[in-house]
Every structure is written in C-alpha cells, then in structure tokens.
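The residues making up each chain are set out below.
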There are 2 protein chains.
Amino acid sequence: MDILVTGGAGFLGQQLIRGLLDRGGIELDGRTHGIDRIVCFDQAAGALQDARVHNVAGDISDAAVVRGLVGKDTGVIVHLAAVVSGTAEADFDLGMRVNLDGTRHLLAAARAVGTQPRLLFSSSIAVFGGDLPAVVTDATTPTPQGSYGAQKLIGEVLVQDYSRKGFIDGRSVRVPTVVVRPGLPNGAASGFASGIIREPLAGKPALLPVDPATEMWVASPRTVVKMFLHALALPASAWGWHRSVNLPGLVASMHEELDALRRFGGDAAVGLVRHQPDEAVMRLVRTWAGRFDTTRALAMGFRPDADFASIVQAYIEDNPHAVTMRA
Amino acid sequence: MDILVTGGAGFLGQQLIRGLLDRGGIELDGRTHGIDRIVCFDQAAGALQDARVHNVAGDISDAAVVRGLVGKDTGVIVHLAAVVSGTAEADFDLGMRVNLDGTRHLLAAARAVGTQPRLLFSSSIAVFGGDLPAVVTDATTPTPQGSYGAQKLIGEVLVQDYSRKGFIDGRSVRVPTVVVRPGLPNGAASGFASGIIREPLAGKPALLPVDPATEMWVASPRTVVKMFLHALALPASAWGWHRSVNLPGLVASMHEELDALRRFGGDAAVGLVRHQPDEAVMRLVRTWAGRFDTTRALAMGFRPDADFASIVQAYIEDNPHAVTMRA
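The rules behind each value
- Residues numbered from 1 in each chain as written.
- Chains lettered and ligands numbered in written order.
- Predicted model: local features only at pLDDT ≥ 70, side-chain atom pairs only at ≥ 80, totals over all residues.
- Least-squares fit on C-alpha atoms with pLDDT ≥ 70 in both.
- Contact = placed C-beta atoms within 7 Å.
- Helix = DSSP H or I, 4+ residues; strand = E, 2+ residues; numbered from the N terminus.
- Buried ≥ 20, exposed ≤ 12 C-beta atoms within 10 Å, placed from the backbone.
- pLDDT = per-residue confidence, 0-100.
- Domains from an automatic or database assignment.
- Nonpolar A, V, L, I, M, F, W, Y, C, P; charged D, E, K, R; others polar.
- Pairing = 2+ DSSP bridges.
- Axes fitted to C-alpha atoms, helices over the stretch in contact; angles between N-to-C directions.
- Expected span 1.5 Å × (residues − 1).
- Bend = angle between axes of the 7 residues up to and from the residue.
- Parallel < 35°, antiparallel > 145°, perpendicular 65-115°, else oblique.
- Left-handed = near helix turned anticlockwise from the far one by under 90°.
- Core = buried A, V, L, I, M, F, W, Y, C linked by C-beta atoms within 7 Å.
- Right-handed = clockwise from strand over helix to strand, strands pointing away.

A.B. asks: Explanation requested: the relation of the copies chain B and chain A in the structure shown.
C.D. replies: Taken together, a rotation about one axis and a shift along it account for how the two chain copies relate. Between chain B and chain A, which share one sequence, the superposing operator has a rotation angle of 180 degrees and an axial displacement of 0.0 Å; the RMSD is 0.0 Å. The transformation just described matches what one would write down for a two-fold rotation axis. When C-alpha positions in chain B are compared against the rotation axis, the closest is assigned to B:Thr141, at 2.3 Å. A symmetric contact is evident, with 100% of the interface residues of chain B recurring at the interface of chain A.

The structure is reproduced here in structure tokens:
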C-alpha cells in the first residue's frame, strides 16, 4: 500500500512517517497492511532518507502537482499541509490558497483515482471561537474567529461531503494545540505555549505574552501522531454520518507549564521566561476554547496525554540535542 | 447607489428587483438610498426592462466575468445565484463550480473594490440534515446531508470571515423552502411542495411523492423578498459576531397544503394531485429539518407568512395568468 502525507516535511509529518516506518505497516479496520511507499509531500523536500520514502517538493495550491501525487495504489492520504493560524490571518490570500484551494485539489485528486482512498484531514480546535460555552462538546457549533479556523472548517465540510458521496473515506480530527513543538518558532498564534518550554530548555529566553492563568487545550506531538494512526485505523462505521471529531487533550495553564519547566529545567530555565503581556495575542487567545468534553472521541478509543509533565518528558526524549538546561 | 443581484433573472431575483424599482430606493441602517442602477446578473438575461436595470448574462463561475460586475458604486450585493439542491446532488462538479467557486469569485470581487459593500447571501435550511433535534435553533450545528447544503454552508463560513476581516459587510439568511414557486418545475428536491399547488391551479396534474403528513418549513416568495430587504436594512450591529440566521417560516404539512388548494381551487384541483410515493425523495426529505425556533430572527424583526392560505393567496395575486382553476 502507498501512503501520501502532505505537509510531510513538518515536525508532525516527519514523526508520523518515522512511526510508520518503525512499525513497518499501517492498521486499517483491524488488519495490518504492508507499506510499499510513503510519498512525503511538502514545499521543501523532507529530510527523512529511506528506500520506502519518496520526498516530493511542490506547491499544494497547484492542482496539476497535487493530481500527480495520488495514484490507484494510494490507499491512505494524511493531509497535514497548512499555513498556520498567525500566517493565515496576516496573509489572507496565502491562507486561502494553501488551506482551502490546496485541500480542494487534494480531494479532487483523491476522487479522480476512483478507489475511494482513506483520507485523514488534520483540522483544529481553531474552528471554535467567539461566544463559546464553558465546555465545548461535539455538539457545539464551530464558529471560527480567524481565517485559519474558517479554512479548516470548510475543509471539514468538504471531507464530509466527499465521504457522503463515496468519493473518499474521509475523517477529520480537530487537533488540540500541539505542545511542545520542536524546532524554530513558527507563525502559529499559539506558539508561545511551546516556546516557553522549548526555548528555556535550550538555554534561550522566551516571552509569555498572556496571563499565566491562561488555559489551553493541548496534546503532545507523540500523542497526536498516535491519534492520527487511530483515526485511520477505525472502520468507517465508527465515524457514522459525522466525519469530524474533537480530539482529547489536556487543560494546561501557563502556570502548570512553568511548573513542569521548573521540574525538568530548574529555576534557571524558568528565569529565562519573561512575562510581557501582548494585548493582541491575549485578545485572540480569549476567543479560543480552553476546555472540551470529548466523550465521543474517548468512546472511539482516542487517548490524551497523561499530564503536562509527561508532555515535557516526551519532548526531551524526542529532541535530546535541543535540550541543554536540565534540573 | 448601484445594486448587484446575482441570479437576478430567477423568480426571486425578479420579484426583488421589481420591489426595489417600485419602492424607488433601498433602506440601509434606517436611511433610504436612491437607486441609480440595478445590475441583474444571471446565466440568461433578465426579462425586466427598465432604464435603471442593466441585464447582464454570464457565467458566475468565471472569475473575470464576476470581477466586472462589482464597482466602487456597488453599495449592495444580493447573491441569489445557485444551482438548486437536486441538480447539485446529481451533478457534483456543476454544484461546486456555481455554488462554491461562484460565491468565492463574488466575495473576491466585492473585496477588491475596497469599499466594504453590503452583501446578502441567500443560504438555505438545507445546511441542516441528519440526526437533528425535533426543533432546530440558531445554536444547532449545521450538518448538511447534501452537496447543495454543504456548498451553502461553506458560503456562510466565507461570508462570515470576509465580514470579520472587514472586506465586506455580509449577512447570510437561511431561507425556508420557498412555496409556491412560480414557473416551470426546477431541479429542487423540494419542488413537489410548490408543484402540488401550482400545477393543479393551472389545470395540470401533479405528483405528491411523500406521505401527506410530511411537514416542511416554508415561506412565500413575497415574504422571502421582504426578509431579504430587512436583512440588508439592518445595521451591522444587529448581526454582531454571527452573520448567519435561520429565517422564520411556517410548518406546513402536505395535508395543509391540499386543504389550501381545495379552498382556492376546489375539489377538481385537488383531484389533479396523485399520491405516488417515491422512496428516494422520501429518504431525502426525512433528513430535512421541519420545525425551527427562530427566536433570534424574530427579535431582529424578521416576520414569517401568516398562514398557508395567505401563501396561496399571494401566489394567485402575483401570478394571475398561471391560475385557471378557481373554487
């Protein structure tokens, strides 16, 4: 079986592809399928070198390029490619081109092969915003207050309709804020939640632009990758007529994050975090959902991280070279 | 002020344009603006001849054509153009091209002029479907079970985001099933609800493909046009952060429709209706919402029809030449 991962060169894509290679197969409907080839598609070629990995660089907003990525042997598609929230808000046209046009091109390509490939769409809790209930459930109406969330919601509607029509077997998962993101800071408005762990652990200063009591709904990259594979493994019947689900996560306050940072990096690491309120960021973060009731996802077998300390522990294990400060 | 009406040659568009011409102005935020020009855009030229009406025929899925429709003087845009539900389901690509691409082109054109035109998007209760509560409210999550509803929902999300960004001042109204549609039957799956009144009143046979107890959420063309003008008249503050609203309607069973038909057309008219159950139509209709709580719309000043008899009465008054059977 061939697998296509868009945005495959990103940290989640790379972790997913490594996981698939390590396992040597992918589980679908209780059966493990051997992996013949993984196409890793991104704007720049992926770093992973393996005989089974085919690194392709290109523009997802180019329909012809995307058509060339999906073939009759493409049994599974994981659609991670996206312009992140801050960037989609700052450059509306870029967000529309990549997040909306790109998704449409991919769905069209998946439909064109006529084999109803299984497609996982990485959506986001950013589909929720504005006047939200204290606890968001799967019955809460998505009301995005940012272009990124709007584009993700449109992607979900398309995945749902393409699945209903039998063009694909699609599933959309609303991913919590991924913490701790490795690597360089990106354009995600939620980036500080990773930055205040990642940067101090590397001996670098970090800014906390929100009140330390601010709560976010988070999951580690490891757990998100596990949940992606679970979302693909589930039979279509587990999704029923509704192809989107809110993934489980943890409620983490920035206080709790700093406590975990102290535990692993010591007071010196915490001393590298400077609280510098940024009204624009705070205004945005206040429109985000912080608490979820994910009964449906839990019943479907999705599992969140155990606690915030284990999230930091996983980051340190997965990124040993990026950590210089240890308590 | 210039006004653009897409789908302007359709029966709702023509009734709207006639209404605007009769009034000689359009009310926005409590102030009446004179009308310099109404651009009536549709795939075929509109029939209305008036010095103020500019009939333009073209393809809304052609971005360049749509760009040419919106200028700096276009203060108001009413977006009615759409491929109807049955057609969008039968020809997926056509529905995507007209209902999704067409809407995107129009929003892009409205943004490009830089004057934040007021835009009314005619959405539909077809955004609701599947496992619905007994009474649908504005808090009910749209879960379209047809491509038409999916495309309308995507249009709403775009109108919302374009408004939030300040590109347009947009409003989306979810229109009930419009009964009695004049003219020839179209591709709308709900067409029978009009057909069983319109055809017998013209002395022609009609099929009722569903159980006579079937209930639908309906509004007359007259009332819908009034609600369109009200949606445009309201200040942006009346919409707040949520730019979509479920319009008020009436719950009408097919029994009630036939009773009204008897009152206006006599037993002979009712005798022209043949009950011929169609499982495919019934399956589709069962996924539709039949009852709504439109508290929000009523508080905003939208008003439904008084009763089903007044809907038929309005049809007869507005289409005297199409009625030959009178009780």
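A.B. asks: What is the right way to look at the environment of A:Thr223 in this model?
C.D. replies: All names here are of chain A. With respect to the secondary-structure elements, Thr-223 resides in helix H7 (residues 221–233). You can call Thr-223 buried: it has 24 C-beta atoms within 10 Å. Expressed as a C-alpha distance, the spacing of Thr-223 and Phe-302, which sit 79 residues apart in the sequence, is 9.4 Å. Beyond its immediate sequence surroundings of up to four residues, Thr-223 is in contact with Pro-304 and Asp-305.

A.B. asks: Sorry, what's going on with the confidence of the model for chain A here?
C.D. replies: As a general rule, the predicted coordinates of low-pLDDT regions are not to be interpreted in detail. Chain-level statistics for chain A give a pLDDT mean of 95 and a share of 100% at 70 or above. Overall fold confidence for the complex sits at a pTM of 0.96, while the interface term, ipTM, reaches 0.95.

A.B. asks: Mind showing me how you'd approach the domain arrangement of chain A here?
C.D. replies: One widely used convention gives an interface's size as the accessible area the parts lose upon coming together. Residue and element names in this part refer to chain A. Partitioning chain A into structural domains gives domain 1 (2–176 + 220–246) and domain 2 (192–216 + 250–322). The straight-line distance from the C-alpha centre of domain 1 to that of domain 2 is 24 Å. Secondary structure elements with two or more residues in the side of domain 1 that touches domain 2: H7 and strand E12 (244–246). Per element, the largest residue contribution to the side of domain 1 that touches domain 2 is four residues, and it comes from H7. Split by residue class, the side of domain 1 that touches domain 2 holds 10 nonpolar, eight polar and two charged.

A.B. asks: I keep staring at the interface of chain B and chain A and nothing clicks. Help me out?
C.D. replies: Between chain B and chain A, the residue contacts involve 18 residues of the former and 18 residues of the latter. Counting residues per element, the side of chain B that touches chain A draws most heavily on helix H5 (residues 147–164) of chain B, at eight residues. Considered class by class, the residues forming the side of chain B that touches chain A number seven nonpolar, seven polar and four charged.

A.B. asks: Would you explain the sheet that holds strand E11 (residues 215–219) of chain B in this entry?
C.D. replies: The pairing of strands in a sheet happens through backbone hydrogen bonds and is either parallel or antiparallel. Residue and element names in this part refer to chain B. The three strands lie next to each other as E9-E11-E13, forming an open sheet whose pairing is mixed. What marks the edges here is a single partner per strand, and that holds for strand E9 (177–178) and strand E13 (250–253). Relative to E11, E9 runs parallel, the two sharing two bridges. Its bridge partner lying in E11, Thr-177 is registered against Val-218.

A.B. asks: Quick question: what am I supposed to make of the sheet that holds strand E8 (residues 169–175) of chain A here?
C.D. replies: Residue and element names in this part refer to chain A. If you walk across this open sheet you meet the seven strands as E5-E4-E1-E6-E7-E8-E12, and the pairing is parallel. Taken across any chain shown, the strands that pair with only one partner, and hence form the sheet edges, are strand E5 (53–57) and E12. Going across the sheet, the axis of each strand differs from the next one's by a mean of 15 degrees, ignoring polarity. In the sheet, E8 pairs with E12 via three bridges, with the strands oriented parallel. Counted as the bridge partner of Arg-174 is Asn-246 from E12. This element, helix H5 (residues 147–164), spans strand E7 (118–124), E8 and E12 of the sheet and lies at about 155 degrees to E7.

A.B. asks: How do you make sense of the pairing of strand E2 (residues 25–28) of chain B when you look at a structure like this?
C.D. replies: The side chains of a regular strand alternate, first on one face of the sheet and then on the other. All names here are of chain B. Pairing geometry for E2 and strand E3 (residues 31–34), over four bridges, is antiparallel. Residue pairing in the sheet places Leu-28 in a bridge with Arg-31 of E3. Hairpin remark: E2 followed by E3, antiparallel, with two residues in the connecting loop; positive phi at Asp-29, about 55 degrees.

A.B. asks: Teacher, can you tell me more about helix H9 (residues 254–270) of chain B here?
C.D. replies: Within an α-helix, residues lying three or four positions from one another point in the same direction, as the helix has 3.6 residues per turn. All names here are of chain B. In a regular helix each residue adds 1.5 Å, so 17 residues correspond to 24 Å; H9 covers only 12 Å between its end C-alpha atoms and thus falls short of that length. Of all the bends in H9, the greatest, near 105 degrees, is centred on Phe-264. Of all the residues in H9, the buried ones are Met-254, Glu-257, Leu-258, Ala-260, Leu-261, Gly-265 and Ala-269. Buried residues along H9 sit in contact with helix H6 (192–201), strand E10 (206–208), E13, strand E14 (273–275) and helix H12 (308–318).

A.B. asks: Please clarify how the packing of helix H9 (residues 254–270) of chain A against helix H12 (residues 308–318) of chain A should be interpreted in this entry.
C.D. replies: Two measures define how a pair of helices packs: the angle their axes make with one another and the distance between the axes. Residues and elements named next belong to chain A. Where H9 meets H12, the axes come as close as 9 Å, and the angle between the chain directions of the two elements is 50 degrees. Between H9 and H12, the crossing angle belongs to the class labelled oblique. Crossing of H9 over H12 shows right-handed handedness. For the pair H9 and H12, the contacting residues are Glu-256, Glu-257, Ala-260, Arg-263 and Phe-264 in the first and Phe-308, Ala-309, Val-312 and Ile-316 in the second. Residue classes in the contact of H9 with H12 are distributed as six nonpolar, no polar and three charged.

A.B. asks: Where do I start with the nonpolar core in this structure?
C.D. replies: It is characteristic of soluble globular proteins that their nonpolar side chains tend to be buried jointly. Residues A:Val5, A:Ile196, B:Val5 and B:Ile196 are the most contacted members of the largest nonpolar core, which totals 198 residues. Leave out the neighbours within four places in its chain, and B:Val5 touches B:Gly13, B:Leu16, B:Ile17, B:Ile38, B:Cys40, B:Phe41, B:Val78 and B:Leu80.

A.B. asks: Explain the packing of helix H4 (residues 92–112) of chain A against H5(A) to me, please; I cannot follow it from the model alone.
C.D. replies: Residues and elements named next belong to chain A. Interhelical geometry of H4 versus H5 gives an angle of 10 degrees and a closest axis separation of 9 Å. If you check the angle between H4 and H5, you find them roughly parallel. The chirality of how H4 crosses H5 is right-handed. Residue-level inspection shows Phe-92, Gly-95, Met-96, Asn-99, Leu-100, Thr-103, Arg-104, Leu-107 and Arg-111 of H4 in contact with H5, the latter providing Ser-147, Tyr-148, Gln-151, Lys-152, Ile-154, Gly-155, Leu-158 and Tyr-162.

A.B. asks: Honestly, the environment of B:Gln15 in this entry has me stumped. Any pointers?
C.D. replies: Residue and element names in this part refer to chain B. Position of Gln-15 relative to the elements: it lies in helix H1 (residues 11–23). Gln-15 gets classed as partly exposed once you count the C-beta atoms within 10 Å, which come to 17. Sequence separation between Gln-15 and Val-245 is 230 residues; the distance between their C-alpha atoms is 22 Å. Those residues in contact with Gln-15 that sit more than four places away from it in its chain are Pro-221 and Val-225.

A.B. asks: In this structure, what is going on with unusual backbone geometry? I would like to understand it.
C.D. replies: Residues and elements named next belong to chain A. Here the amide bond leading from Val-179 into Val-180 is cis, since omega sits at 10 degrees, within 30 degrees of zero. One non-glycine residue with positive phi stands out, namely Gln-116, at about 50 degrees. In this fold, Gln-116 is placed in the loop between H4 and E7.

A.B. asks: Quick question: what am I supposed to make of the pairing of strand E8 (residues 169–175) of chain B here?
C.D. replies: Residues and elements named next belong to chain B. Judged by how many residues are buried, E8 sits mostly within the fold: seven of seven residues are covered. On E8, burial covers both faces: Asp-169, Arg-171, Val-173 and Val-175 on one face and Gly-170, Ser-172 and Arg-174 on the other are all buried. As defined by bridge partners, strand E7 (residues 118–124) adjoins E8 across seven bridges and the pair is classed as parallel. Across the sheet, residue Leu-119 finds its bridge partner in E8, namely Gly-170. A crossover links E7 with its parallel partner E8, the connecting element being H5, and its sense is right-handed.

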